[in-house]
Amino acid sequence: TGETGAGKSILLDALSLALGARGDASLVRAGADDGQVTAMFDLPKGHAINDLLAQEAFEADEGPLVLKRVQTADGRTRVFINDQPASVSLMRQIGRMLVEIHGQHDERALVEPESHRDLLDSWAGHAALARDVRTAWQAWRDAVTAFSRHEAKVEAAVREADFLRASLKELAELEPEPGEETALADERAMMMKAEKIAAEIHDAEQLLSGDASPVAGLSALYRRLSRKAADAPEFIDPIIAPLDSALLSLDTVQNEINAAIRVMDFDPKRLEETETRLFALRAAGRKHNVAVDDLAELRDRFAADLAEIDAGEEKLAMLKAQANQARAGYDRLAADLSAKRLAAAAPLAEAVMAELPALKLEQAVFFVEVASDESEAGPNGIDHVEFTVRTNPGSRPGPLMKVASGGELSRFLLALKVVLAERGSAPTLVFDEIDTGVGGAVADAIGERLSRLAGRVQVLSVTHAPQVAAKADAHFLISKASEDENSTVTGVEEIVELRRQEEIARMLAGATITDEARAAARRLLTETLSKAS
């Protein structure tokens, strides 16, 4: 509690900033470079936030969870979780798991039908089934995607089937082999060279081996001289030695000529066949726009594609059966969830209705409308859930935001939060002046319900209603003071006993606190203590 302008909104802005709300340079004190806010939370062991932090690779910290936000005057912002740098989005995700802030102008959970479905599921204990529905939906969509992709692939392949079959037949008849082009080209080049020099080689063979060959005469000369060598060795030996060497060289030449002739002795038809084969391979490579050495791989790929086309219909039927099976599984779970939602709608409405009379909404009727449409199937099932109200007899029910006034909206919110506290609430609820515009019995009823909520979750309430403040377990006074002419400070102080009684008397009486106000404050506190005992 505190005077208007004491700084209660500043505290809520700070808390919101620590929970991931949008930063704003205007929050920084004039003349300062930056401002900081730190929020510390004691979490029970095994809290889901610990798992989330582990997934985000944050080092384990056994102490409290500390969220720190630094907002600079130039609009930049920095985030720290347990003194480790983090993103605003992660801070916001953690903040939603820790705290809900509700005020007269912040009833998003009541305005958005998407959240109504989640609230109904949480209250009725359908959260696990809702998760199963989402999983089944994803499995169905994945199966449909797999079927569609394969169907498109098969259809495209079927359109190319004639081309594939003709090409495969051509390549199968050609029987290309890797490296064949190089071997054929080398063989063709050798035969063409041999063809060009064949005449010269044959002339050489005729000269050395034909009728005019000098070899026979030289051999006869060598034999005659050899027989006379003993008579005049000093004359004959210098002659027969080089003659013998020459005969040996001529014999070597003759052997090489014969070998060359044997190599060149090819069938011209073989050259023709080689060229025909080589040209056919290269023509196929050009046709299919691949290297000749890749023709064999292309042939095998065409064969595989045709085999897949042949097997595609069978696989397509299997994928279709899987998609149908996944759809049936989703339909079964979605129908089960829908039936449970329909069954839970009336009890939730009745539970909220039970809270309305004490909040001076006894003429109002709260509805939980569940509309099912299988054609609108989605990850959250087949239902559209919306909370609507009728505030006056004879009027038509409508969305809360359109039908309820500001004060009524806050009281509807409180009634709903009381009912949902155990299953559909964050562990900390902050109510910002939801009692504005009410007094007396209504304010007392609001305080009573906030007190009931506090038995299940942590509740912080900014209030101007003494009936609400008197029912709190702890009372904090917000006050503003000036340190100097250029600096103002907001202070937060827990007050007890007489100081608390004096503050509640101020809330009752206003600027001038009377003895009657003090007596009324004492009575409010006494009643609260007696009920608590």
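Now for a description of the structure that goes with this document.

Cut-offs applied
- Residues numbered from 1 in each chain as written.
- Predicted model: local features only at pLDDT ≥ 70, side-chain atom pairs only at ≥ 80, totals over all residues.
- Heavy atoms only, no water.
- Pairing = 2+ DSSP bridges.
- Helix = DSSP H or I, 4+ residues; strand = E, 2+ residues; numbered from the N terminus.
- Axes fitted to C-alpha atoms, helices over the stretch in contact; angles between N-to-C directions.
- Parallel < 35°, antiparallel > 145°, perpendicular 65-115°, else oblique.
- Left-handed = near helix turned anticlockwise from the far one by under 90°.
- Nonpolar A, V, L, I, M, F, W, Y, C, P; charged D, E, K, R; others polar.
- Core = buried A, V, L, I, M, F, W, Y, C linked by side-chain atoms within 4.5 Å.
- Buried < 20%, exposed > 50% of the residue type's maximum accessible area, 1.4 Å probe, protein only.
- Contact = heavy atoms within 4.5 Å.
- Salt bridge = Lys/Arg side-chain N within 4 Å of Asp/Glu carboxyl O.
- Arc of directions from axis to C-beta.
- Phe/Tyr/Trp six-rings, centres within 6.5 Å; stacked < 30°, edge-to-face > 60°.
- Patch = residues over 30% accessible without salt bridge, like charges linked within 9 Å, V, L, I, M, F, W, Y side chains within 5 Å.
- Areas by Shrake-Rupley, 256 points an atom, 1.4 Å probe, with all protein chains shown as cover.
- Lys, Arg positive; Asp, Glu negative; His and termini not counted.
- Charge placed at Lys NZ, Arg CZ, Asp CG, Glu CD.

### Here's the deal with the pairing of strand E10 (residues 458–462)
Summarising the sheet, strand E9 (residues 428–432) and E10 pair through five bridges and their orientation is parallel. Directly across from Leu429, in E10, lies its bridge partner Val459.

### With respect to the packing of helix H6 (residues 127–159) against helix H12 (residues 295–355)
At their nearest, the axes of H6 and H12 sit 8 Å apart, and the two run at 160 degrees to each other. The orientation of H6 relative to H12 falls into the category roughly antiparallel. Two packed elements cross with a definite hand, and for H6 against H12 that hand is left-handed. Classifying every residue of the contact of H6 with H12 gives 23 nonpolar, three polar and ten charged.

### A word on the nonpolar core
By size, the foremost hydrophobic cluster in this structure holds 41 residues, and its most contacted members are Leu348, Phe366, Val368, Phe387, Phe412 and Leu414. Contributing elements (two or more residues each) for this core: helix H5 (113–124), H12, strand E6 (365–372), strand E7 (383–390), helix H14 (406–420), E9 and helix H15 (440–454). Here the element with the most residues in this core is H14; it accounts for eight residues. Residues in contact with Phe366, not counting those within four places in the same chain, are Ala349, Val352, Met353, Leu356, Phe387, Thr388, Val389, Phe412 and Leu416. Judged by nonpolar contacts, the second largest core, of 24 residues, contains Ala18, Leu67, Val99 and Ile101.

### A short note on the sheet that holds strand E4 (residues 84–86)
Spatial strand order, E1-E2-E3-E4: four strands in an open sheet with antiparallel pairing. Both outer strands of the open sheet, strand E1 (34–41) and E4, are each paired with one neighbouring strand and no more. The sheet shows a mean angle of 25 degrees between the axes of neighbouring strands, direction not considered. Pairing analysis gives three bridges linking strand E3 (residues 77–81) to E4, with the strands arranged antiparallel. What sits directly across from Ile81, in E4, is Gln84. The strands touched by helix H1 (residues 8–18) are E1 and strand E2 (65–72); relative to E1, the strand with the most contacts, the crossing angle is about 75 degrees. Here helix H3 (residues 88–98) sits on the sheet in contact with E1, E2, E3 and E4, set at roughly 130 degrees to E2.

### Quick look at the pattern of salt bridges
Tallying each qualifying case throughout the model produces 18 salt bridges. Note that Glu100 is salt-bridged to Lys417, the shortest N-O span being 2.8 Å. Within this pair, whereas Glu100 is found in strand E5 (residues 99–103), its partner Lys417 is found in helix H14, the two being separated by 317 residues in sequence. On the basis of relative accessible area, Lys417 is assigned to the buried category, the value being 4%.

### Examining the pairing of E3
Bridge count for E2 against E3 is five bridges, and the pairing is antiparallel. Paired with Lys68 across the bridge in E3 is Phe80. Where E2 folds back on E3, the antiparallel hairpin that results is connected by four residues, among which Gly75 adopts a positive phi of roughly 100 degrees. Taking the residues between adjacent antiparallel strands as the criterion, E3 and E4 are bridged by two residues, where Asn82 takes a positive phi near 50 degrees.

### Quick notes on H3
Of the positions making up H3, those classed as buried are Leu90, Met91, Ile94, Gly95 and Leu98. Buried residues of H3, seen end-on, are gathered within an arc of 140 degrees and therefore sit on one face of the element.

### Here's the deal with the packing of aromatic side chains
Applying the stated criterion across every chain yields a total of five aromatic pairs. Measuring from ring centre to ring centre gives 5.5 Å for Trp140 and Tyr330, while their planes differ by 25 degrees; the resulting arrangement is stacked. Here Trp140 is found in helix H6, whereas its partner Tyr330 is found in helix H12, with 190 residues between them in sequence. Taking the relative accessible area as the measure of exposure, Trp140 reaches 10% and is therefore buried. With relative accessibility at 0%, the residue Tyr330 sits in the buried group. Taken together, the ring pairs in this structure connect Trp137, Trp140 and Tyr330 into an aromatic cluster.

### Side note on unusual backbone geometry
Phi at Ala57 is positive, roughly 65 degrees, even though this residue is not glycine. Among the structural elements, Ala57 can be located in the loop between helix H2 (48–55) and E2. The exposed category is assigned to Ala57, whose relative accessible area is 68%. For Lys360, which is not a glycine, the phi torsion comes out positive at approximately 60 degrees. Locating Lys360 in the fold gives a position in the loop between H12 and E6.

### As for a positive patch on the surface
Judged by side-chain charge, Arg223, Arg224, Arg227 and Lys228 come together as a positively charged surface patch. In this fold, Arg227 is placed in helix H9 (residues 215–228).

### So, the sheet that holds strand E8 (residues 398–399)
The antiparallel open sheet is built from three strands, whose spatial order is E6-E7-E8. Looking at strand neighbours, the two that pair on one side only are E6 and E8, the edges of this open sheet. The sheet contact formed by E6 and E7 spans eight bridges and is antiparallel. Paired with Glu369 across the strands is Glu386, a residue of E7. Strands in contact with H5 are E6 and E7; relative to E7, the strand with the most contacts, it is inclined by about 100 degrees. Contacts from H12 reach E6 and E7, with the element oriented near 175 degrees to E6.

### What to know about a nonpolar patch on the surface
On the surface, Leu11, Phe476 and Val492 cluster together into a nonpolar patch covering about 250 Å² of accessible area. Take Leu11: it is sitting in helix H1.

### Some thoughts on the environment of Val352
Of note, Val352 is situated in helix H12. As for Val352 and Leu342, which are separated by ten residues in sequence, their C-alpha atoms are 16 Å apart. Other than its neighbours up to four places away in sequence, Val352 contacts Phe366, Ala415, Leu416 and Val419.

So far we have only geometry, and geometry alone does not tell us how the molecule works.
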